[in-house]
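Below are the chains, spelled out letter by letter.
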Amino acid sequence: AFIIQIMNFITQVTVSVIIYFLLRIFLKDRRSVYISSAASSLSYVFLYSSAYGVISNTADIHFIVTGLSLVFIFIAFYEMVVLEKTMLSLKNGDFNDMPKFSIEKSYKIVFKILGIGLFFLIFSFLSGFVIQSIFTTNLIIKIIFASIALVIYLITLIGIKKYNLTIKSSVRNLFIALCAVWIAYIGNVIFIYN
């Protein structure tokens, strides 16, 4: 039953991310990132509730926030790849694919998306704690990695606001930190359940 639930979880996240990609490609509006993110998030919640019924307990909330954190990390990854591609085109003198709004603003949007993904990730760990209700090695490792990611996000935010840290390098570093947290989380789950 656990394997079936994990496969459904992965399928739901994948479908939601594909919905984001499709909307992002077809919507050319300046707010397309926000519209696509909202539609992708709502589609994930809809897919989950269609598969498992009414969201009524902590386990349901745990799977929803865990899925949403994954969706937002994929969204951030996609937006970073698009930004890096645009930057390379501009450096090579190709101005045909000029973005509709500034690169700096795009990096700020990705920074916000990563913040939302981090929020859901931390909420996922907290709901996991409520489900387990005892400190296991698995839970302690998750809390440590979530705390590290939160500290990195806060330090980056302070660096941007107070010390003129560039948003581009900040977003790159934060994305790497969140990916490291997710890799540790997935590795931990595989280790615990094998």
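Computed from a predicted structure; not experimentally measured.

Draft legend 1. Just the overall build of the protein chain, in detail. Within the protein chain, the regular secondary structure consists of 6 helices and 0 strands. Ordered by position in the sequence, the α and β elements of the protein chain form the string α-α-α-α-α-α. Counting all 194 residues of the protein chain, 39% fall into the buried class. As presented, the protein chain carries roughly 11100 Å² of accessible surface, and 72% of it is formed by carbon and sulfur atoms.

Draft legend 2. Representation of the pattern of salt bridges. By the definition in use, this model includes 1 salt bridge. Arg-24 is the salt-bridge partner of Glu-79, the closest N and O atoms lying 2.7 Å from each other. You can see Glu-79 sitting in helix 3 (residues 58–91) and its partner Arg-24 sitting in helix 1 (residues 2–26), a full 55 residues away along the chain. Here Glu-79 matches Arg-24 in class, with each residue buried.

Draft legend 3. Structural view of the side chain of Ser-32. The topology assignment puts Ser-32 in helix 2 (residues 32–52). Ser-32 sits in the buried class, given a relative accessible area of 2%. For Ser-32, the residues in contact, after removing those within four places along its chain, are Arg-24 and Leu-27.

Draft legend 4. Quick look at the packing of aromatic side chains. Applying the stated rule across the entire model yields 7 aromatic pairs. Both rings, one in Tyr-20 and one in Tyr-78, keep their centres 6.1 Å apart while their planes meet at 85°; by these two values the pair is edge-to-face. Taken together, the residues Tyr-20 in helix 1 and Tyr-78 in helix 3 connect sequence positions 58 residues apart. Site record: aromatic cluster; members linked through ring pairs are Phe-72, Phe-119, Phe-120 and Phe-123.

Draft legend 5. Inspection of the nonpolar core at higher detail. Formed by 35 residues in total, the largest nonpolar core has its most connected members in Val-13, Tyr-44, Tyr-107, Val-110, Ile-113, Leu-114 and Val-171. Top contributing element to this core by residue count: helix 3, with 13 residues.

Draft legend 6. Layout of a positive patch on the surface. A contiguous patch of positive charge, built from Lys-105, Lys-108, Lys-112 and Lys-161, is present on the exposed surface. The greatest single-element share of the positive patch, amounting to 3 residues, is contributed by helix 4 (residues 103–132). Taking the relative accessible area as the measure of exposure, Lys-105 reaches 35% and is therefore partly exposed.

Draft legend 7. Representation of helix 2 within the structure. Taking 1.5 Å of rise per residue, the 21 residues of helix 2 would be expected to cover 30 Å, and the 30 Å separating its terminal C-alpha atoms lies within 8% of that figure. Of all the residues in helix 2, the buried ones are Ser-32, Val-33, Ser-36, Ser-37, Ser-40, Ser-41, Ser-43, Tyr-44 and Tyr-48. Each buried residue of helix 2 sits inside an arc of 160° when the element is viewed along its axis, so together they form one side. In helix 2, those exposed residues whose orientation departs by more than 90 degrees from the buried face are Leu-42 and Phe-46. Following helix 2 by one or two positions, Gly-53 has its phi on the positive side, about 90°.

What counts and how
Residues numbered from 1 in each chain as written. Predicted model: local features only at pLDDT ≥ 70, side-chain atom pairs only at ≥ 80, totals over all residues. Heavy atoms only, no water. Helix = DSSP H or I, 4+ residues; strand = E, 2+ residues; numbered from the N terminus. Buried < 20%, exposed > 50% of the residue type's maximum accessible area, 1.4 Å probe, protein only. Areas by Shrake-Rupley, 256 points an atom, 1.4 Å probe, with all protein chains shown as cover. Salt bridge = Lys/Arg side-chain N within 4 Å of Asp/Glu carboxyl O. Contact = heavy atoms within 4.5 Å. Phe/Tyr/Trp six-rings, centres within 6.5 Å; stacked < 30°, edge-to-face > 60°. Core = buried A, V, L, I, M, F, W, Y, C linked by side-chain atoms within 4.5 Å. Patch = residues over 30% accessible without salt bridge, like charges linked within 9 Å, V, L, I, M, F, W, Y side chains within 5 Å. Lys, Arg positive; Asp, Glu negative; His and termini not counted. Charge placed at Lys NZ, Arg CZ, Asp CG, Glu CD. Expected span 1.5 Å × (residues − 1). Arc of directions from axis to C-beta.

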